[in-house]
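Residue strings, one per chain:
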Amino acid sequence: MLKFLIEKEFKQLLRHSFLPKLVIAMPCIILLVFPWVASYEVKNVSLCVVDNDHSTLSSRLMQKVAASAHFRLAATASGYSRAMQSIESGDADIILEIQPSFEEQLMRGGEGQVMLSVNAVNGVKGSLGSAYLLSLLSDYAAELRSERIPAPAVAAVGSIRLLPTYFFNPRLNYKAYMIPALMVLLLTLLCGFLPALNIVSEKEAGTIEQLNVTPVGKLTFILAKLTPYWLVGFIALSIGFALAALLYHITPAGSFGTIYFFSAIYILAISGFGLLISSYSDAMQQAMLLAFFFIMILALTSGLFTPVSSMPQWAQYITVFNPLKYFMQVMRMVYLKGSGIGDLLPQLIALCGFAVFSNTWATLSYKKSK
Amino acid sequence: MKALSVNNVSRSYGKVQALKNVSFEVEQGELFGLIGPDGAGKTTLIRILATLLLADSGRATVDGLDAVRDYRAIRRRVGYMPGRFSLYQDLSVEENLNFFASIFNATVRESYHLIQGIYRQIEPFKSRRAGKLSGGMKQKLALCCALIHKPSLLFLDEPTTGVDPVSRREFWDMLASLRQQGITIVVSTPYMDEALRCDRIALMKEGGCLKIETPQNIIRQFPHTLWSVQGDPMYRLLKDLRRHEDVISSFAFGDAHHVAVRSERITTLQLEENLKMLDYKNVEVKEITPTVEDCYMQLTMDNEQ
């Protein structure tokens, strides 16, 4: 009996005018657009420079800053108050004010003074922008020092050189970090939303009435509903893998087997959650809104953009109940660190727990008579 | 064993009481009609019998099986056709049929003799999607699907609502032939003229049964003499008839008024004269046999008094 029900689900899915296209289009759009848009890097910070010194060293500093990819020299102003206007009008994000006698002080072996004023409306842009600028300035200072003091003397004075090594993602490529997480989002959207709309669409079409008077059992019914989403999820995920490898040259350090294994469990968990919403909803609109609400919250607390560890303690407790979080950890660990199933046991247990919980509840909540 | 037995079944939706202490029995092989306007409780009753709805109180048995406790066994032996078309519109005629057969662990071949007469009419369109069929054909397909597992009892909820008159007649012919094959059929309809095609009917109103009888007996038991009265203008005529001292009741029935009279005190000719004096034109009064609808109106009135 299960076989026929599954066959019917597939027929309906394939004959749908829109869904098969969505399964192909969604991974493409997510992987083509999101890695560029969902970026941590701050680029093109508009800079307004007030050069009160007009010396060789101050203009060399300006050139250095303008040459950086992070900054765009938006304007030069004659005074601080003029520069402030450009911040107020939104033309500039940071003012770099070079104090008078900047060069003179430096030449005398004193301190050349520079002031930074940052627009902090967008906190990330402000703090990262000023950090970039600070590192540029310290670079410049080191440059000047090495020019003026002969190398042996520097060695005699002694200095600290920083040599950071970044593990797993040596070039700090944010795409390598985001793309595995975006695939989680992809699976969640496809395998969470579609089941949420499925049972309720049978309610709206009235077909559930006819099915309810048959001997089809609850578990059979739910299993038949779940099966197609495995296939849908695997297809979308495979397209995602291919695109990530082709476009961004990002392939998992670990095995695809581990990823597919975890995906199978995750799809089960999230589809069960979708079916649960569906069996409690009376109309498509209701199911749609509910699913949207939950998926939004789950995505935001999953660590997709902000690391879970930087959330407040109470929010971290909430994320314990977020299956997205665990699957996102799995994807990032397999992709970047090359973890295997043995390294991911806590996540495995959590995801299995969610799968059992949501599907048991969905099965129990589907009532054939009222 | 009765095919169906309903004892004091009640059901409410919030404050609205949809069924009030309904009791009746249906014999094996009977074609039983639930007749009444919208809101009479027909659908609620059928859904309770089809194990889709639980009654608040009372007990119902289907083929001797309890509608609550033995719902699984009942679902195997009843066929149900909801009022709204509820087959898969994106599957073809043939696929729908095969699907419903297979979930009952049956095959179309096993029950082909049962649906043959009906299925032949839609067979030319068997590869067409169910959603693309005409209204009458949808009903035929739905009936086929309800019969595919050889049920001993068939519940049909307003199968002829929204179907053209020719298809309606055809549909009742199909039910008659199914009945001859020994299937018990419970069918609801708001069309009073269809009542005559049933063996027995329950006239329902506001959640209760006014009367359960054969349609012939219901007509025979009409307590008054019934006349059909025509005359221009019709609307004023209805009011004047209701005011007439020898008239018991008067209802508008299409192009004529059906009037129950005290025939011991007045004749058709006398009434005609009376009306002509009141300045009516084209007056025509003649005795008629009551229809089920006349009986329904009469019973409703008696019930209210």
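Residues numbered from 1 in each chain as written. Chains lettered and ligands numbered in written order. Predicted model: local features only at pLDDT ≥ 70, side-chain atom pairs only at ≥ 80, totals over all residues. Heavy atoms only, no water.

Draft legend 1. The interface of chain A and chain B, seen in detail. Contacts between chain A and chain B engage 24 residues on the former and 27 residues on the latter. For chain A, the biggest contributors to the area lost against chain B are Arg15(A), Gln210(A) and Val213(A); these three give 27% of the whole. The interface formed by chain A and chain B holds three salt bridges in total. Across the pair Arg47(B) and Glu209(A) runs a salt bridge, and its minimum N-O distance is 2.4 Å. Our count for the contact surface shared by chain A and chain B stands at eleven residue pairs in polar contact (both at pLDDT 80 or more). Sorting the residues of the side of chain A that touches chain B by element identifies helix H1 (2-15), helix H8 (174-205) and helix H9 (207-212) of chain A as the ones contributing at least two each. The leading source of residues in the side of chain A that touches chain B is H1(A), at six residues. (Contact = heavy atoms within 4.5 Å. Buried area = accessible area lost by both parts, 1.4 Å probe. Salt bridge = Lys/Arg side-chain N within 4 Å of Asp/Glu carboxyl O. Polar contact = N/O pair within 3.5 Å; in protein donor to acceptor, adjacent residues only side chain to side chain. Helix = DSSP H or I, 4+ residues; strand = E, 2+ residues; numbered from the N terminus.)

Draft legend 2. Quick look at the sheet that holds strand S4 (residues 114-118) of chain A. All names here are of chain A. If you trace the four strands from one edge of the open sheet to the other, you get S2-S1-S3-S4, paired in mixed fashion. The strands lining the two open edges of the sheet, one partner per strand, are strand S2 (71-77) and S4. Neighbouring strand axes in the sheet, compared pairwise and without regard to direction, differ in orientation by 25° on average. Note that strand S3 (residues 94-98) and S4 share five bridges and pair antiparallel. Among the inter-strand pairings, isoleucine 95 is bridged to a residue of S4, identified as serine 117. (Pairing = 2+ DSSP bridges. Axes fitted to C-alpha atoms, helices over the stretch in contact; angles between N-to-C directions.)

Draft legend 3. Inspection of helix H6 (residues 123-148) of chain A at higher detail. All names here are of chain A. Here H6 is 26 residues long and its end C-alpha atoms lie 38 Å apart, about the 38 Å a rise of 1.5 Å per residue gives. Of all the residues in H6, the buried ones are Gly126, Gly129, Ser130, Leu133, Leu136, Leu137, Tyr140 and Leu144. Tucked inside the fold, the buried residues of H6 contact strand S1 (45-51), helix H3 (56-67), S2, S3, helix H5 (102-107) and S4. One side-chain oxygen at the N-terminal end of H6 lies 3.2 Å from the backbone nitrogen of valine 124; it belongs to asparagine 122. (Expected span 1.5 Å × (residues − 1). Buried < 20%, exposed > 50% of the residue type's maximum accessible area, 1.4 Å probe, protein only.)

Draft legend 4. Here's a closer look at unusual backbone geometry. Backbone torsion omega between Asp232(B) and Pro233(B) reads -10°, so that peptide bond is classified as cis. If you check the backbone angles, His54(A) has positive phi at about 50° while not being a glycine. The residue His54(A) is located in the loop between S1 and H3 in this model. Of note in the backbone geometry, Asn8(B) takes a positive phi value of approximately 50° without being a glycine.

Draft legend 5. Fine view of the packing of aromatic side chains. Taken as a whole, this structure holds 19 aromatic pairs over all chains when the rule is applied. The interplanar angle of 90° and the centroid separation of 5.5 Å between the aromatic rings of Phe241(A) and Tyr260(A) together place this pair among those described as edge-to-face. Residue Phe241(A) is located in helix H10 (residues 218-248), and its partner Tyr260(A) is located in helix H11 (residues 256-280); the two are separated by 19 residues in the primary sequence. Under the relative-accessibility criterion, Phe241(A) is labelled buried at 6%. We classify Tyr260(A) as partly exposed; its relative accessible area is 25%. Taken together, a centroid distance of 6.1 Å and an interplanar angle of 45° make the contact between Tyr326(A) and Phe354(A) tilted. With Tyr326(A) in helix H14 (residues 323-337) and Phe354(A) in helix H15 (residues 345-365), the pair connects residues that are 28 residues apart, well separated along the chain. Note on accessibility: Tyr326(A) and Phe354(A) belong to one class, buried. Above the face of the Tyr177(A) ring, Arg332(A) is positioned so that its terminal group lies 3.6 Å from the ring centre. Lying over the aromatic face of Tyr280(B), Arg236(B) brings its terminal NZ or CZ to 4.6 Å of the ring centre. (Phe/Tyr/Trp six-rings, centres within 6.5 Å; stacked < 30°, edge-to-face > 60°. Lys NZ or Arg CZ within 6 Å of the ring centre and 35° of its normal.)

Draft legend 6. Fine view of helix H6 (residues 165-180) of chain B. All names here are of chain B. Taking 1.5 Å of rise per residue, 16 residues should cover 22 Å, and H6 covers 23 Å from first to last C-alpha, within 8% of that figure. Of the positions making up H6, those classed as buried are Ser167, Arg168, Phe171, Trp172, Met174, Leu175 and Leu178. Buried residues along H6 cover an arc of 155° about the axis, so they all sit on one side. Within H6, the exposed residues directed more than 90 degrees away from the buried face are Pro165, Arg169 and Gln180. (Arc of directions from axis to C-beta.)

Draft legend 7. Focus on the sheet that holds strand S4 (residues 57-62) of chain B. Residue and element names in this part refer to chain B. Reading across the sheet, the four strands line up as S2-S1-S4-S5 and stay open at both edges, with antiparallel pairing between neighbours. Each of the sheet's edge strands pairs with one partner strand only, and the pair in question is strand S2 (16-26) and strand S5 (65-66). Inspection of the sheet shows strand S1 (residues 4-13) paired to S4 by five bridges, in the antiparallel sense. The residue bridging valine 6 from the neighbouring strand is alanine 60, located in S4. Relative to S1, helix H1 (residues 42-49) is tilted by about 120°, and along the sheet it contacts S1, S2 and S4.

Draft legend 8. View of the pairing of S4(B). Residues and elements named next belong to chain B. For S4 and S5, the ladder comprises two bridges, and the chain directions are antiparallel. Opposite threonine 61, over in S5, you have aspartate 66 as the bridge partner. Linkage of S4 to S5, two consecutive antiparallel strands, is achieved through a turn of two residues, within which aspartate 63 is found at a positive phi near 55°.

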